[in-house]
Amino acid sequence: MQRIHILPDGVINKIAAGEVVERPASVVKELLENAIDAGATRIIVEIKKGGKDLIRITDNGSGMMKEDCLLAIQRHATSKIEEVEDLVNIQTLGFRGEALASIASVSRFSLRTRCKDEESEAGTYIQMEGDKILEVREEGCPCGAIMEVRSLFFNVPARRKFLKTDRTEMASIMEVVSQVSLANLKTGFQLISDGKESRHFLPGETLTDRIRGLYGASFSSRGITMEVKKEDFELTGWLGKPETARTDRKGQHWFVNGRSVRSPFLSYALSEGYGTTIMQNRYPSAVVFFKLPGEEVDVNVHPAKKEIRFADTSSIRGFLIHSVRETLQKNDLVPHVTFPDETGFYREEKSSGLSRSELVRDATEQYLKLNEENALPDHSGTAVAEESFQEQLDESRPLSFDRIIGVLADMYILVESQKGLIIIDQHAAHERVLYEQTVHEINNRGVETQALLMPPTIEMSYSEASLLEENIALIQEAGIILEDFGQNTFLVRAVPSSFQGSDIQRLVFEIVDALRHGRDLKESDTERQERIIRKICRSSVMARDRLKEEELLALLDSLVKCRQPHTCPHGRPTMIKLSGSELDKRFKRV
């Protein structure tokens, strides 16, 4: 039997390093956070071979005195907290006091620093290899700190073997620098990789400037700013228009009290805020800053401080959903049509900073998004719940039509407005109108139904019948009256008055599919009900019907009154815009 014993300090430090230092990007993150906490307004990040050979961080922060330097490289040494109660209201990015010790234990580490408060021009130099201090001496250096990490994981070959290629590790470092730069607009950043400058941000830039520098002018221009305050909560940032939605959540950047975090909880709430403006399996792009009292959030969950917990998730979720919806409803979300220039390429004002493959992928995603026909949004929102369609239409919404020019292919309504030519998909527009009317009816008086003279019989499997029976009350609220006929069979007694003539059997089976999908996502009754409503709309709206002038006018009038007229319930655009200035360019008038 093995006897219990105390591990040597060297092994303990390497285990701790494994929690904090996962890869070169982890080192960059910890050192950048220390520089920010030190009040740096200029930071230079130098990288060689993806951080495997060298990571050098130079800052003009407050620096350290010799005594503090010797303490900083020890485990659990920090100037940022003193008592356990301080963990309740943390105001700094770093606080655990283990970053430098963990980094130094798995690298050849050196530190040059001079404190701004010292009159002497001499600073302190410390050189370490693993856990051993090789040299401590006085050395002339500017105020601030220069930290060098060489030969990362040189003494832990198993960890070094699992590092990715230089290019992959560098991509992770660039992501860290991007996150920190977005959160600290007053600080300038310079990133140098293998002698070449990759990023350069000036201090004092706006959030839009930083987004433009990271992702390009085209992307940054397709967003809207958000600023909402309510009691102790404050939400600011940049929301991408629905057309910028991606197939993953990599376009989302979350900052809570200035700290970059990952939070599935916040991501889900953001998607609910966008609701039916985005399509299935699409996720909005956003840069969101959340400020709230320190006691409302726990940042001491993950060793690398990547995850957080909230004390009152319900209030935060409701505030975020309402703020995003309110911001989107007050802004013009109509996609703008652009044309290539004479060379055949779409003109960019500034390099996006993305690789060629990423640019091609994003362009392909946007094309598929505009042409996808049969998709449902993955996140339904909570329009039937509180603050739903009972609120009055915000008069500041920038949507108006002057006159109808004509109809193209019995499908697209051509409308003149002060902003140029607007092309409206009558199918998508009618879906949006019916959807909002149905939800409004449910919220106020219930859906008007029409009894069927010949109720169709629908047979299904045991599991499908069980799912339908379990949610029969929700389906009835949406206007479809079902009756259990026994042996996994149902009669459809009535449908919403607006939706007669639909393929009832197909409609019911699509609702079953929506319910099954909803159950997997642990949706609430409200969210499952909205999925049912979207299925009804999808199965019932007109397509390629030739409308009379009065019908067109009525449709446009109803669309303008919708709370979210820019997309159908499935996230497809109801309209696109061709501006007058773009037409002038095409006809060489300017």
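Reading the values: the criteria
- Residues numbered from 1 in each chain as written.
- Predicted model: local features only at pLDDT ≥ 70, side-chain atom pairs only at ≥ 80, totals over all residues.
- Heavy atoms only, no water.
- Pairing = 2+ DSSP bridges.
- Helix = DSSP H or I, 4+ residues; strand = E, 2+ residues; numbered from the N terminus.
- Axes fitted to C-alpha atoms, helices over the stretch in contact; angles between N-to-C directions.
- Contact = heavy atoms within 4.5 Å.
- Buried < 20%, exposed > 50% of the residue type's maximum accessible area, 1.4 Å probe, protein only.
- Arc of directions from axis to C-beta.
- Patch = residues over 30% accessible without salt bridge, like charges linked within 9 Å, V, L, I, M, F, W, Y side chains within 5 Å.
- Areas by Shrake-Rupley, 256 points an atom, 1.4 Å probe, with all protein chains shown as cover.
- Salt bridge = Lys/Arg side-chain N within 4 Å of Asp/Glu carboxyl O.
- Lys, Arg positive; Asp, Glu negative; His and termini not counted.
- Charge placed at Lys NZ, Arg CZ, Asp CG, Glu CD.
- Parallel < 35°, antiparallel > 145°, perpendicular 65-115°, else oblique.
- Left-handed = near helix turned anticlockwise from the far one by under 90°.
- Nonpolar A, V, L, I, M, F, W, Y, C, P; charged D, E, K, R; others polar.
- Phe/Tyr/Trp six-rings, centres within 6.5 Å; stacked < 30°, edge-to-face > 60°.
- Lys NZ or Arg CZ within 6 Å of the ring centre and 35° of its normal.

1. Some words on the sheet that holds strand β17 (residues 412–417)
The four strands lie next to each other as β16-β17-β18-β23, forming an open sheet whose pairing is antiparallel. Edge strands, defined here as strands with exactly one partner in the open sheet, are β16 (403–408) and β23 (575–579). Within this sheet the neighbouring strands show an average axis-to-axis angle of 25°, counted without direction. Bridge count for strand β18 (residues 420–425) against β23 is five bridges, and the pairing is antiparallel. If you follow Ile424 over to β23, its bridge partner there is Met575. Helix α12 (residues 426–444) rests against β16, β17 and β18 of the sheet, and its axis sits at about 70° to β18.

2. Some words on helix α13 (residues 462–470)
All of the buried residues in α13 are Glu464, Ala465, Leu467 and Leu468. Taken around the axis of α13, the buried residues stretch over an arc of 165°, which confines them to a single face. α13 presents Tyr462 and Glu470 as exposed residues on the side facing more than 90 degrees away from its buried surface.

3. Overview of a negative patch on the surface
Taken together, the side chains of Asp545, Glu549, Glu550 and Glu551 make up a negatively charged region of the molecular surface. In this structure, Glu551 sits in helix α17 (residues 549–560).

4. Thoughts on a nonpolar patch on the surface
Taken together, Leu70, Ile133 and Val136 make up a surface patch of nonpolar side chains, about 210 Å² in accessible area. Among the structural elements, Leu70 can be located in helix α3 (residues 66–72).

5. Comments concerning the packing of helix α2 (residues 24–37) against helix α6 (residues 166–183)
It is the contact of α2 with α6, at a shortest axis distance of 8 Å, that shows an interaxial angle of 25°. When the interaxial angle is binned, α2 and α6 end up roughly parallel. Seen from above, α2 lies across α6 with right-handed handedness. Along the contact surface, α2 presents Pro24, Ala25, Val28, Lys29, Leu32 and Ile36, while α6 presents Glu169, Ser172, Ile173, Val176, Val177 and Val180. Split by residue class, the contact of α2 with α6 holds nine nonpolar, one polar and two charged.

6. What about the packing of α6 against helix α7 (residues 207–215)?
It is at 9 Å that the axes of α6 and α7 come closest, and there the two elements cross at 165°. Taken together, the axes of α6 and α7 lie roughly antiparallel to each other. When you trace α6 past α7, the crossing you get is right-handed. Residues Ser178, Ser181 and Leu182 of α6 lie in contact with α7, whose contacting residues are Leu207, Arg210, Ile211 and Leu214. Class assignment of the residues belonging to the contact of α6 with α7 gives a composition of four nonpolar, two polar and one charged.

7. Comments concerning the packing of aromatic side chains
This model, assessed by the stated rule, comprises seven aromatic pairs. Seen in terms of ring centroids, Phe233 and Phe319 are 5.6 Å apart; in terms of plane orientation they differ by 50°. Their pairing is tilted. Placement of Phe233 in strand β10 (residues 233–240) and of Phe319 in helix α10 (residues 313–329) is noted, with a sequence separation of 86 residues between them. Pair check on accessibility: Phe233 and Phe319 agree, each one buried. Members of the aromatic cluster, each reached through a chain of ring pairs, are Tyr215, Phe219 and Trp238. The lysine or arginine in question, Arg108, covers the ring of Phe154, its NZ or CZ lying 4.1 Å from the ring centre.

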